[in-house]
Amino acid sequence: MSQMKHIIDNTPSTPGKFKIDKSPYNRLIRLQFSLAKLIFWSLVFVGLIFVFFYRSPSSSNDVSQDLSRRSLSSSSYGGPAWEKKIKNSAKIRSHNGICVLVTGAAGFVGTHVSAALKRRGDGVLGLDNFNDYYDPSLKRARQELLERSGVHIVESDINDVVLLKKLFEIVQFTHVMHLAAQAGVRYAMENPSSYVHSNIAGLVNVLEVCKSVNPQPAIVWASSSSVYGLNTKVPFSERDRTDQPASLYAATKKAGEEIAHTYNHIYGLSITGLRFFTVYGPWGRPDMAYFFFTRDILKGKSIPIFEAANHGTVARDFTYIDDIVKGCLGALDTAKKSTGSGGKKKGPAQLRVFNLGNTSPVPVSSLVSILEKLLKVKAKRLVMKLPRNGDVQFTHANISSAQKELGYKPTTDLQTGLKKFVRWYLSYYGNGKKSVQ
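In this text the structure is predicted, and so the values were computed from the model without any measurement. (Residues numbered from 1 in each chain as written. Predicted model: local features only at pLDDT ≥ 70, side-chain atom pairs only at ≥ 80, totals over all residues. Heavy atoms only, no water.)

Quick word on the overall build of the protein chain
As a reminder, the rule being used: Numbering goes from the N terminus for both helices and strands, where a helix is a DSSP run of H or I of at least four residues and a strand is a run of E of at least two. Using a 1.4 Å probe, the Shrake-Rupley method yields the accessible areas, and only the shown protein chains count as cover for residues.
A count of helical and extended segments in the protein chain gives 13 helices and 15 strands. In the form shown here, the protein chain has an accessible surface area of approximately 22500 Å², with 57% of it arising from carbon and sulfur atoms.

Shown next as structure tokens:
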């Protein structure tokens, strides 16, 4: 009531006119009260600044560092046996071999690239977090395949900087094949933060560690054909604009290319980006159309066949995995050394980007027809309008730069590649012991 009375007493009697309190004692009381309030809120404000800008970040850093330390000292990480396994996997066994850290090694492309490097005598160490974006059992099966060939996969996330630094302390990698990423165009609408976490923050972490080690490794990483976005000019060339992404996934890959340019410019990292065009084949990703088409055709389920406006054809530049692997190895073999040392650039460094496609776009309806023949089952087609979820109407790669610089030459047509995929699919899933999620 006293506060209310104070407000009423000081309210203007008429608009624009105030009562003048001539009492010196009252003025002194009001001055002291105002000064006390000022001091109180100033202390509160300073306290908030201290809490948010000083205590919180350090606390979160302490927690993350503590978790990292515990992971390295746990039964899974750290110790002589663990380091020995890493060194054996990364040991070069050919005369002119290279030593490669492959991130995303339990992924589709990562598994095939790791196996190919190991076959030719290179040192290979894998890194993968085995997330559940799609059936983790498929990733575990790929891991078993690689372990039998002598490739060890460290189970961890690319955002674990402490672990990354530890791996570089154990092994002097000459190259990094960075394939770890959150894939998929449609899933970005459900879980956008996972794309920022993996495709942007994860890439920065990898580059941060690479620029700080001495000598710096050369880096080859997976961009995507999705960076061409809403372009209508075909075939897509590396010189075309890439500032119109049609999905968040595409935007993160475009951001990755700009980040790569920055680290090349400032720190002298040798970086090569590869824009993959619809990769398919054995051990592939269950979220890809050719994969779940095969599953649903065999189960008698309807499959969606998208068409663009005015019944326009939706087509993809399907590229067989073996051809992609050849392009990846070509990029590693032609990558020049980084020019930095201890995080400081000493001269211009190589910066490249290449399309890796098949140069022969095929309508999705034709893909289904090939699968029908191979599976000997008629598909239940459900024609639908192309949704606004990030998908584009067509992709078509101009591979002249990759041909010239990497010796890249795709040799597998869609009919042949799908035949190999279906053979693997029936072998892997056909016995009834496994299921596709």
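Quick notes on a positive patch on the surface
As a reminder, the rule being used: Patch building starts from residues that exceed 30% relative accessible area and form no salt bridge, then joins like charges within 9 Å and nonpolar side chains (Val, Leu, Ile, Met, Phe, Trp, Tyr) within 5 Å. Salt bridges are defined as contacts in which a side-chain nitrogen from Lys or Arg sits within 4 Å of a carboxyl oxygen from Asp or Glu. The convention is simple: Lys and Arg are positive, Asp and Glu are negative, and His and the chain ends are not counted. Charged groups are reduced to one reference atom each: NZ for lysine, CZ for arginine, CG for aspartic acid, CD for glutamic acid. Each residue's exposure class comes from its accessible area (1.4 Å probe, protein chains only) as a fraction of the maximum for that residue type: buried when under 20%, exposed when over 50%, partly exposed otherwise.
On the surface, a cluster of positive charge is made up of Lys 326, Lys 419, Lys 420 and Arg 423. Counting residues per element, the positive patch draws most heavily on helix α13 (residues 414–429), which supplies 3 residues. Inspection of the secondary structure assignment puts Lys 420 in helix α13. Here Lys 420 falls in the partly exposed class, since its relative accessible area comes to 33%.

Let's talk about the side chain of Thr 272
Stated precisely, the cut-off is as follows: Pairs of N or O atoms are called polar contacts if they sit within 3.5 Å, as long as, within protein, a hydrogen donor faces a hydrogen acceptor (for residues adjacent in sequence, only side-chain-to-side-chain pairs). Working rule for contacts: check all heavy atoms of both residues, and any pair within 4.5 Å makes them a contact.
You can see Thr 272 is positioned in strand β6 (residues 271–276). At 3.0 Å, the side chain of Thr 272 and the side chain of Arg 352 are in polar contact. Among residues more than four places away in sequence, those in contact with Thr 272 are Ile 219, Val 220, Trp 221, Ala 331, Gln 350, Arg 352 and Phe 354.

So, the sheet that holds strand β3 (residues 152–155)
Applied cut-off: Pairing between strands requires that DSSP locate at least two bridges from one strand to the other. Only the contacting stretch of a helix is used when fitting its axis, a line to C-alpha atoms as for every element, and angles between N-to-C directions run 0 to 180 degrees.
Pairing in this open sheet of 7 strands is parallel, and the strands run β3-β2-β1-β4-β5-β6-β13 from one edge to the other. For this open sheet the edge positions go to β3 and β13 (351–356), each flanked by a neighbour on one side alone. Here the average twist between neighbouring strands, direction ignored, is 20 degrees. In the packing of helix α4 (residues 108–119) onto the sheet, contacts are made with β1 (99–103), β2 (123–128), β4 (175–178) and β6, and the angle to β1 comes to roughly 165 degrees.

Looking at the packing of aromatic side chains
Note the cut-off: Between rings of Phe, Tyr and Trp, where Trp is taken as its six-membered ring, a pair exists when centres lie within 6.5 Å; planes separated by under 30 degrees are stacked, by over 60 edge-to-face, and by other angles tilted.
According to the stated counting rule, one finds 28 aromatic pairs in the structure shown. Relative to Phe 421, the ring of Tyr 290 lies with its centre 4.8 Å away and its plane at 75 degrees, an arrangement referred to as edge-to-face. A residue pair is termed long-range when its members are at least 10 positions apart, and Tyr 290 in helix α9 (residues 289–299) and Phe 421 in helix α13 qualify at 131 residues. Each member of the pair, Tyr 290 as well as Phe 421, carries the same accessibility label: buried. Look at Trp 424 and Tyr 425: their rings are 6.5 Å apart centre to centre, the planes differ by 70 degrees, and that puts the pair in the edge-to-face class. Tyr 425 carries the same exposure label as Trp 424, and that label is buried.

What about the pattern of salt bridges?
A complete count under the given rule lists 12 salt bridges for this structure. When the shortest N-O distance is used, the salt bridge between Lys 166 and Glu 83 registers 3.5 Å. Of this pair, Lys 166 sits in helix α6 (residues 161–170) while Glu 83 sits in helix α3 (residues 80–90), and the two are 83 residues apart along the sequence. The residue Asp 333 makes a salt bridge to Arg 120 at a minimum N-O spacing of 2.6 Å. Remark: Arg 120 occurs in the loop between α4 and β2 and Asp 333 occurs in helix α10 (residues 321–334); sequence separation between them is 213 residues. Residue class for Asp 333 comes out partly exposed when judged on its relative accessible area of 46%. Residue classification places Arg 120 among the partly exposed positions, given a relative accessible area of 31%.

As for α3
To keep it simple, the criterion reads: Of all possible arcs, the one meant is that of the directions from the helix axis to the C-beta atoms.
For α3, the complete set of buried residues consists of Trp 82, Ile 86, Ser 89 and Ala 90. Angular distribution of buried residues about the axis of α3 spans 95 degrees; they occupy a single face of the element. Among the exposed residues of α3, those pointing more than 90 degrees away from its buried face are Pro 80, Ala 81 and Lys 84.

Function cannot be inferred from these measures alone, as they are strictly geometric.
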